[in-house]
Amino acid sequence: AWKASDWDALDLSHHKVWAWSSGDSISGFALFATVDETAHLLKILLHPDLRGTGVAKSFWVSLVNELRALGHGSVYLEVEESNSRAR
């Protein structure tokens with residue numbers, strides 16, 4: 001888990017944050033570090049009730065499309081080998 005100071009230290013010229021909302025509440029978010037044409041996913045979170053519903057895939061597709069529109073040609077995603085759902 002990140003501390004408040006970690007979030008406060010983000011440089012928004014090199015970090016992008018997107019929120020996914022459902023109704024009146026935020027259902028998830030993603031944080032990317034961006035360098036030149038590469039976007040590196042640092043953190044992604046989806047409300048546990050939405051896991052396994054296909055929402056994560058829709059969120060991911062919209063994120064990649066948004067990153068491409070901003071000129072990022074590649075997305076780097078690091079996943080633990082044991083995290084079969086993410087892989």
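Details of the structure are given in the entry above.
Just so you know, these numbers come straight off a predicted model, no measurement behind them. (Residues numbered from 1 in each chain as written. Predicted model: local features only at pLDDT ≥ 70, side-chain atom pairs only at ≥ 80, totals over all residues. Heavy atoms only, no water.)

Draft legend 1. Quick look at helix H2 (residues 55-69). With 15 residues, H2 should cover 21 Å at 1.5 Å per step; its first-to-last C-alpha distance of 21 Å lies within 8% of that length. Those residues of H2 not exposed but buried are Val55, Phe59, Leu63, Val64 and Leu67. All buried residues of H2 project into a common sector of 165° when viewed along the axis, lining one side. Exposed residues pointing more than 90 degrees away from the buried face of H2 are listed as Lys57, Arg68 and Ala69. In this structure, the buried side of H2 is in contact with strand S1 (15-22), strand S2 (25-35), strand S3 (38-46) and strand S4 (74-76). (Helix = DSSP H or I, 4+ residues; strand = E, 2+ residues; numbered from the N terminus. Expected span 1.5 Å × (residues − 1). Buried < 20%, exposed > 50% of the residue type's maximum accessible area, 1.4 Å probe, protein only. Arc of directions from axis to C-beta. Contact = heavy atoms within 4.5 Å.)

Draft legend 2. Examining the environment of Ala4 more closely. Among the secondary structure elements, Ala4 is positioned in helix H1 (residues 4-8). Residues Ala4 and Trp60 lie 56 residues apart in sequence; the distance between their C-alpha atoms is 25 Å.

Draft legend 3. Structural view of the pairing of S2. For S2, the buried fraction is high: eight of the eleven residues fall into the buried class. Where S1 and S2 come together, eight bridges link them in antiparallel fashion. Bridge pairing in S2 places Lys16 opposite Phe32. Joining the antiparallel neighbours S1 and S2 is a turn of two residues, in which Gly23 adopts a positive phi near 70°. Pairing between S2 and S3: eight bridges, direction antiparallel. The residue of S3 that forms the bridge with Gly28 is Leu46. In this antiparallel pair of consecutive strands, S2 and S3, the connection spans two residues, and Asp36 shows a positive phi of 55°. (Pairing = 2+ DSSP bridges.)

Draft legend 4. Structural detail: the environment of Val55. Mapped onto the fold, Val55 is located in helix H2. Taking the C-alpha atoms as reference points, Val55 and Ser27, separated by 28 residues in sequence, lie 9.7 Å from one another. With sequence-adjacent residues up to four places away left out, Val55 is seen in contact with Trp20, Leu46 and Leu50.

Draft legend 5. Expanded view of the packing of aromatic side chains. Tallied over the full model, the rule gives five aromatic pairs. Pairing Trp7 with Phe29 gives two aromatic rings, centres 5.7 Å apart and planes at 70°, and the pair type is edge-to-face. Separated by 22 residues along the polypeptide, Trp7 in helix H1 and Phe29 in strand S2 bring together distant segments of the chain. Judged by its relative accessible area of 29%, Trp7 is partly exposed. Chaining the aromatic ring pairs together yields one cluster made of Trp2, Trp7 and Phe29. (Phe/Tyr/Trp six-rings, centres within 6.5 Å; stacked < 30°, edge-to-face > 60°.)

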